[in-house]
Amino acid sequence: KIPTRLNIYTMTTKIRKGTCVCGEISFEVIGEPTSNYICHCSICRKFFSADYTHLISFSLDNFKITKGESSIKKFSTSAKVDRFFCTTCGTRIYEISGGLSSISPGVLDVPHAGEFKKVQYHEYYPSRIRDITDGAIKYKDLPKEKGGSGDTVGEACFQH
């Protein structure tokens, strides 16, 4: 299900807007993210065609498609994760997993994209392409709150 309703908030709540590359799809996220992290799993790397994926998560109620809902296609990469992208330009807009909607800060309009430079943690860090020495927590898989072991690893723990 594509989120289309927003919770009612006071006028002081921050609203961030974003779009796909071609402008066919627009969206809004309200409030502060529940998490700001990097995922190194092979599915994220392939889906985003990148060394890793930087994601920020929001409650489903705090994410709204404001334009172009008919141009969104869903692709389920696992039983737990649905990913949504623009059918015109291919931009990966968001994913839904564990009751949260996650976006890459890169799809946010300026000036919001630079707000999320410091990540809280890394998921599936032993699967990474390269070391990242940012001082953030590095999880072997997922944090316990997301159903993982909660086990952590060092920043330079390559496993081949």
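Throughout, residues of each chain are indexed from 1 in the direction in which the sequence is written. Residues qualify for local features only when their pLDDT is at least 70, as the model is predicted, and side-chain atom pairs are given and counted only at 80 or more; totals for whole chains, interfaces and linings, by contrast, use all residues. Excluded from the side-chain calculation are hydrogens and water; included are all heavy atoms of the structure.

*Asks:* What am I meant to see in the overall build of the protein here?
*Replies:* Under the scheme used here, helices are H or I runs from DSSP no shorter than 4 residues and strands are E runs no shorter than 2 residues, and both carry numbers assigned from the N terminus. Secondary structure assignment for the protein yields one helix and 11 strands. Secondary structure elements of the protein, listed N to C terminal, follow the sequence β-β-β-α-β-β-β-β-β-β-β-β. Evaluated residue by residue, the protein yields a buried proportion of 42% over its 160 residues. Two residues qualify as a contact provided that any one of their heavy atoms is within 4.5 Å of a heavy atom in the partner residue. The long-range share in the protein, meaning contacts at least 24 apart out of those at least 6 apart in sequence, stands at 54%. The buried label applies to any residue whose accessible area, calculated with a 1.4 Å probe on protein chains only, is under 20% of its type's maximum; exposed applies above 50%, and partly exposed to all values in between.

*Asks:* Help me out: how do you make sense of the pattern of salt bridges in this one?
*Replies:* When their charged atoms lie close together, side chains carrying opposite charge are able to pair. Criterion for a salt bridge: a side-chain nitrogen of Lys or Arg within 4 Å of a carboxyl oxygen of Asp or Glu. Across all of its chains, the model carries 11 salt bridges by this definition. In this structure, the salt-bridge partner of Glu123 is Lys146, at a minimum N-O distance of 2.4 Å. Remark: Lys146 occurs in the segment after strand S11 (137-138) and Glu123 occurs in strand S10 (residues 121-123); sequence separation between them is 23 residues. The salt bridge involving Arg128 is made with Asp131; its shortest N-O contact spans 2.6 Å. Judged by relative accessible area, which is 33%, Asp131 ranks as partly exposed.

*Asks:* Please clarify how the pairing of strand S8 (residues 92-97) should be interpreted in this entry.
*Replies:* Along a regular strand, successive side chains alternate from one face of the sheet to the other. By the bridge criterion, four bridges tie strand S7 (residues 82-86) to S8 in an arrangement that is antiparallel. Its bridge partner lying in S8, Phe85 is registered against Arg92. We call two strands paired when DSSP finds no fewer than two bridges between them. Across three bridges, S8 lies against strand S9 (residues 100-103) in antiparallel orientation. Following the sheet pairing, Ser97 is matched in S9 by Leu100. Count of turn residues in the S8/S9 antiparallel hairpin: two residues, of which Gly98 carries a positive phi of about 60°.

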